[in-house]
Amino acid sequence: MLISDFDYELPPALIAQEPLAERQASRMLIVDRASSTFCDGQFIDFPQLLNDGDLLVLNNTRVFPARLFGRAETGARIEIFLVREIESGVWETLARPARRLHDGKRIVFGNDVSAEVVGRSADGKVIVRFAASDDLEKRMDEIGKTPLPPYIKREATAIDDDRGRYQTVFAKQRGAIAAPTAGLHFTPEVLDAIRDRDIAVAEVTLHVGYGTFEPVRTDDLNQHSVSPESYEISEATAEVLNRARREGRRIVSVGTTTTRALESNMSKYSTFTSGAHLADLTITPGYAFKAVGALLTNFHLPKSSLLVLTSTFAGHELIMEAYRHAVAERYRFYSYGDCMIIV
């Protein structure tokens, strides 16, 4: 298939710029693969849509403040978005203005944090080496800003107003440069309602990286690959997952990142296997899902790898029809938007 097959018209007014006052107040489109139908619902009813015996799997990655604002020695303002740590203190970054950042250029982010440009990656990302007078990770957390996606518009002085809301309530493991947004709808009360039904909840960790939202740069999806991302499955989670699979119970994945971790794991091993791994699986039409039986997800960008994954899970025609319905009914889209449950 072509990436153009995953395009749709979205009025800019439907791109959610602010989170709702209450996390659980989002609308939820309920998509049924078996009947190729969908209907409108509310996320607050999510616990009641689960089946007895389901296993709900969350991504407990924690977003860190990966956007840094500094100045070159000339005084020019420089913005650095941390993408991937290559080695201790050395980061691959998206930088603006990149054309000014030649090797040896020094960027100052505060009295005790600076970085030197040390090269470029094969695809043009700027590589910098940080220096700090104290613990670098701690100082980054202090001076960094919330890495909101570019379609959420904020004044530079207001970016960190989102530090709490652009984070799931179950976030634990620091390392993501973007939130696993399907998880943003959950509250402790919703999770309690799920557990009150004796539905098991397990966690994996996939640190959401640039690969999750990197643009698809090929027309033919057979030539597309999503950049690898690190993930981890604990021994306890692997045991719970394998038990559910042996007993024929449904695994409900919260988000495409959780799905990629689970499917990557099952594509490499005959059973769920604990440990630290690399998710290098690209899910495109024709892929047969091996782990996930139901998926909660937000509405994704046109022509994105996440929309391709969702369409592969539910069926292309059904998902594109559901998206047209969501647009017509003025659902809120993207990170702070409404959600969809595919059963």
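Up top is the structure these notes are about.
The rules behind each value
Residues numbered from 1 in each chain as written. Predicted model: local features only at pLDDT ≥ 70, side-chain atom pairs only at ≥ 80, totals over all residues. Heavy atoms only, no water. Helix = DSSP H or I, 4+ residues; strand = E, 2+ residues; numbered from the N terminus. Buried < 20%, exposed > 50% of the residue type's maximum accessible area, 1.4 Å probe, protein only. Axes fitted to C-alpha atoms, helices over the stretch in contact; angles between N-to-C directions. Parallel < 35°, antiparallel > 145°, perpendicular 65-115°, else oblique. Contact = heavy atoms within 4.5 Å. Nonpolar A, V, L, I, M, F, W, Y, C, P; charged D, E, K, R; others polar. Core = buried A, V, L, I, M, F, W, Y, C linked by side-chain atoms within 4.5 Å. 1 Å grid on protein atoms, 1.4 Å probe; cavity = no way out; pocket = protein on both sides within 12 Å on 5 of 7 lines; lining within 4 Å. Points joined across faces, edges and corners; volume = space filled by probe spheres on them. Pairing = 2+ DSSP bridges. Arc of directions from axis to C-beta.

(A) How the structure looks around unusual backbone geometry. The peptide bond linking Arg 96 to Pro 97 adopts the cis configuration, its omega dihedral lying at -10°. With respect to the helices and strands, the residue Pro 97 is situated in the loop between β7 (90-96) and β8 (106-110). One non-glycine residue, Lys 303, lies in the positive phi region at around 60°. Inspection of the secondary structure puts Lys 303 in the loop between β16 (294-298) and α7 (305-314). On the basis of relative accessibility, which here comes to 40%, the residue Lys 303 falls in the partly exposed class. Unusually for a residue other than glycine, Tyr 334 sits at a positive phi of about 75°.

(B) Looking closely at the packing of α7 against helix α8 (residues 316-328). One can describe the packing of α7 onto α8 by two numbers: an axis separation of 7 Å at closest approach and a directional angle of 120°. Regarding the angle of α7 to α8, the classification is oblique. Contacts between α7 and α8 involve Leu 307, Thr 310, Ser 311 and Ala 314 on the former and, on the latter, His 316, Leu 318, Ile 319, Met 320 and Tyr 323. Among the residues making up the contact of α7 with α8, the classes are represented as 6 nonpolar, 3 polar and no charged.

(C) The nonpolar core, seen in detail. Core analysis: the largest hydrophobic core is formed by 62 residues, its most contacted members being Tyr 8, Leu 262, Phe 333 and Met 340. It is α8 that provides the largest number of residues to this core, a total of 7 residues. Phe 81, Val 83, Ala 95 and Val 117 belong to the second largest nonpolar core, which has 26 residues in total.

(D) Molecular detail of the layout of surface pockets. Roughly 660 Å³ of internal volume is contained in the second largest pocket. Lining the second largest pocket we find 27 residues, and of these Val 83, Arg 84, Glu 85, Trp 91 and Gly 175 sit closest to its centre. Of all the secondary structure elements, the ones that give two or more residues to the lining of the second largest pocket are β6 (77-87), β7, α2 (136-143), β11 (173-176), α4 (210-213) and β13 (229-233).

(E) Region of the structure containing the side chain of Thr 93. Inspection of the secondary structure puts Thr 93 in strand β7. On the basis of relative accessible area, Thr 93 is assigned to the buried category, the value being 1%. With sequence-adjacent residues up to four places away left out, Thr 93 is seen in contact with Ile 80, Phe 81, Leu 82, Val 83, Lys 125, Val 126 and Val 128.

(F) View of the sheet that holds β6. Around the barrel, 6 strands lie side by side as β5-β6-β7-β10-β9-β8; this closed barrel has antiparallel pairing. For this sheet the average axis-to-axis angle between neighbouring strands, irrespective of direction, equals 45°. By the bridge criterion, 5 bridges tie strand β5 (residues 67-72) to β6 in an arrangement that is antiparallel. Each bridged residue has a counterpart across the sheet, and for Leu 68 the counterpart in β6 is Ile 80. Relative to the sheet, α2 contacts β5, β6, β7, β8, β9 (113-120) and β10 (126-132), its axis offset from that of β10 by approximately 105°.

(G) Summary view of the sheet that holds strand β2 (residues 37-42). Ordered in space as β2-β1-β17-β16-β14-β3-β12-β13-β15, the 9 strands form an open sheet in which the pairing is mixed. On the outer flanks of this sheet lie β2 and β15 (275-279), each paired with one strand and no other. Ignoring which end each strand starts from, the neighbouring axes of this sheet average 25° apart. Bridge analysis of β16 against strand β17 (residues 339-342) gives 4 bridges, and the strand direction is antiparallel.

(H) Region of the structure containing α2. Restricting attention to buried positions, one finds in α2 the residues Leu 136, Arg 139, Met 140 and Ile 143. Taken end-on, α2 shows its buried residues confined to a sector of 105°, consistent with a single buried face.

These results come straight from atomic positions and should not be treated as a statement about function.
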